[in-house]
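# Structural characterization, general
Read off the chains here:
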Amino acid sequence: MNDDPTHQLPSEFVARLRAIVPEPAFADVLASFALAKPATARINTLQTEVPAALAELAALGLTPAPVAWLPEAIALPADEKRTLTASAAVGAGRVYVQGLSSMLAAPALAPEPGEEVLDLAAAPGGKTLHLAALMGGAGRLAAVESVRGRFFTLKENLVRYGAEFVETYNSDGRAVGRKTRERFDRVLLDAPCSSEARFDCRDPETWQYWGPRKIAECARKQKALLRSALEAVRVGGRVLYCTCSLAPEENELVVAHTLRRLQGAAELVPLAIPVANVHTGLARWNDKTLPGELAHCVRVLPTADMDALFLALLEKRRSIGAAAPG
Ligand code: SAM
């Protein structure tokens, strides 16, 4: 019997991972799916300040450590997660439990106070709240979520974390661009995906729905959502596309398809992501060469501390026609 926990992962997933991740990083990336990551959280500057939150957590016997690249982020040993989650700081919306890679998205979109910003796939609201904090509660932030139960969780979180200024819509993000053409300065699309970054060797349920069909189904939806995001953003505005999948079909190929369809109406913008475990978008997949501009995309590789994330920042150069409904 093999006692390496990574042997639990679907063999097709591991084979694909080997083709996606550069060889020197492969062993560590694979091993990361078997590790209990530290508990990480973001201090909600809409309701408290960093020193006050640190003192509040320390008074509970917790040992939050700062995260070098984000002043509001903290990391705690994995065995402190239960106490953190049950704390009044979390219950009253002063601290939001959030993975480190998730905290890279809102700063990459870089919304400014006073802007009009859209989050097109928002529940449970972790990145909406981060956008709200970066905007200092000033401006317009609209959050869309299509799944009713998740929409109500989003609304509860916005109240609990002091972001009532966020407007919420229980609608299909694929239709939003047609209805709000060129209205927003920035759009976040944290797209529904096959969630490969969440695979946990100790929990086969994390990949129970995974497979080529799921990836293809996600990719279809992601293309429609990204098109909608680009319709909703103004000329000169930016869209951040991200997923927690490692699959090129949900990442580079979605971006490449969209750029090809838009024929120069949108372009990729280089991203400066402040962590070391990053690679540029793939240059090849399945024996096909991909457009060179995909090198501006970023794949955050999973480590002992953080999950995987894919990011692509697009800027709209000129107006685009509305996509056909459906
Ligand atoms: N950004 C969120 C956060 O950080 O908390 C996580 C978003 S999750 C990756 C994607 C969300 O998109 C899910 O809540 C899912 O229900 C929602 N979704 C799925 N299809 C959608 C659609 N057509 N329009 C809008 N939201 C959709």
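Thresholds, definitions, all that
- Residues numbered from 1 in each chain as written.
- Predicted model: local features only at pLDDT ≥ 70, side-chain atom pairs only at ≥ 80, totals over all residues.
- Heavy atoms only, no water.
- Near = heavy atom within 4 Å.
- Polar contact = N/O pair within 3.5 Å; in protein donor to acceptor, adjacent residues only side chain to side chain.
- Areas by Shrake-Rupley, 256 points an atom, 1.4 Å probe, with all protein chains shown as cover.
- Nonpolar A, V, L, I, M, F, W, Y, C, P; charged D, E, K, R; others polar.
- Salt bridge = Lys/Arg side-chain N within 4 Å of Asp/Glu carboxyl O.
- Helix = DSSP H or I, 4+ residues; strand = E, 2+ residues; numbered from the N terminus.
- Pairing = 2+ DSSP bridges.
- Axes fitted to C-alpha atoms, helices over the stretch in contact; angles between N-to-C directions.
- Left-handed = near helix turned anticlockwise from the far one by under 90°.
- Contact = heavy atoms within 4.5 Å.
- Buried < 20%, exposed > 50% of the residue type's maximum accessible area, 1.4 Å probe, protein only.
- Parallel < 35°, antiparallel > 145°, perpendicular 65-115°, else oblique.
- Phe/Tyr/Trp six-rings, centres within 6.5 Å; stacked < 30°, edge-to-face > 60°.

## Thoughts on the site of the ligand
- In the neighbourhood of the ligand, 21 residues make up the surrounding shell, with Glu145, Arg150, Gly173, Asp190 and Lys221 lying closest.
- Contacts to the ligand include Glu145, whose side-chain N or O atom sits 2.7 Å from an oxygen atom.
- For the ligand, the accessible surface in isolation is 600 Å², of which the surrounding protein chains cover 89%.
- Along the lines of polarity and charge, the residues of the shell around the ligand split into 9 nonpolar, 5 polar and 7 charged.

## Considerations on the pattern of salt bridges
- Under the criterion given, the structure shown has 17 salt bridges.
- Close ionic contact of Lys37 with Asp307 constitutes a salt bridge, the shortest N to O distance being 3.2 Å. Pair noted here: Lys37 is in the loop between helix H2 (23-32) and strand E1 (39-43) and Asp307 is in the loop between strand E14 (298-300) and strand E15 (309-316), with a separation of 270 residues, a long-range link.
- A salt bridge links Arg186 to Glu115; its shortest N-O distance comes to 2.6 Å.

## Examining the sheet that holds strand E2 (residues 65-67)
- Strand order in this open sheet of 4 strands is E2-E3-E1-E4, and the pairing throughout is antiparallel. One side of each edge strand has no neighbouring strand; the edge strands of this open sheet are E2 and strand E4 (95-97). Going across the sheet, the axis of each strand differs from the next one's by a mean of 35°, ignoring polarity.
- The pairing of E1 with strand E3 (residues 70-76) spans 4 bridges and is antiparallel. Bridge pairing links Ala41 to Ile74 in E3.

## Comments concerning the packing of helix H1 (residues 11-20) against H2
- The contact between H1 and H2 brings their axes to 9 Å, and the two run at 145°. Remark: the crossing between H1 and H2 carries right-handed chirality. For the pair H1 and H2, contact is made by Val14, Leu17 and Arg18 and by Glu23, Phe26, Val29 and Leu30, respectively.
- By residue class, the composition of the contact of H1 with H2 is 5 nonpolar, no polar and 2 charged.

## Thoughts on the pairing of E1
- Summarising burial for E1: 5 of the 5 residues are buried, a large majority.
- Of the two faces of E1, the one lined by Ala39, Ala41 and Ile43 and the one lined by Thr40 and Arg42 are each fully buried.
- Two elements, E1 and E4, share 3 bridges in a ladder whose sense is antiparallel. From the neighbouring strand, Arg42 faces E4, where its bridge partner is Tyr96.

## Observations concerning the pairing of E3
- Within E3, 6 of the 7 residues are buried, which leaves the element mostly enclosed by the surrounding structure.
- Here E2 pairs with E3 via 3 bridges, running antiparallel. Across the sheet, residue Ala65 finds its bridge partner in E3, namely Ala75.
- Where E2 folds back onto E3 in an antiparallel hairpin, the turn is made up of 2 residues.

## A word on the packing of helix H10 (residues 212-232) against helix H11 (residues 252-262)
- As a packed pair, H10 and H11 sit with axes 10 Å apart at the nearest point and diverge in direction by 45°. By the angle class used here, H10 and H11 are oblique. At the point where H10 passes H11, the crossing takes the right-handed sense. Taken together, the residues of H11 that come into contact with H10 (itself represented by Ala219, Gln222, Lys223, Leu226, Arg227 and Leu230) are Leu253, Val254, Val255, His257, Thr258 and Leu262.

## A look at the packing of aromatic side chains
- For the coordinates displayed, the defined rule picks out 7 aromatic pairs.
- Aromatic pair Phe199 and Trp210: ring centres 6.1 Å apart, planes at 90°, arrangement edge-to-face. A residue pair is termed long-range when its members are at least 10 positions apart, and Phe199 in the loop between strand E8 (184-190) and H10 and Trp210 in the loop between E8 and H10 qualify at 11 residues.
- Taking relative accessible area as the criterion, Phe199 reaches 4% and is therefore assigned buried.
- Overall, Trp210 belongs to the buried group, its relative accessible area being 14%.
- Among the aromatic residues, those joined into a cluster by ring pairs are Phe13, Phe33, Phe199, Trp207 and Trp210.

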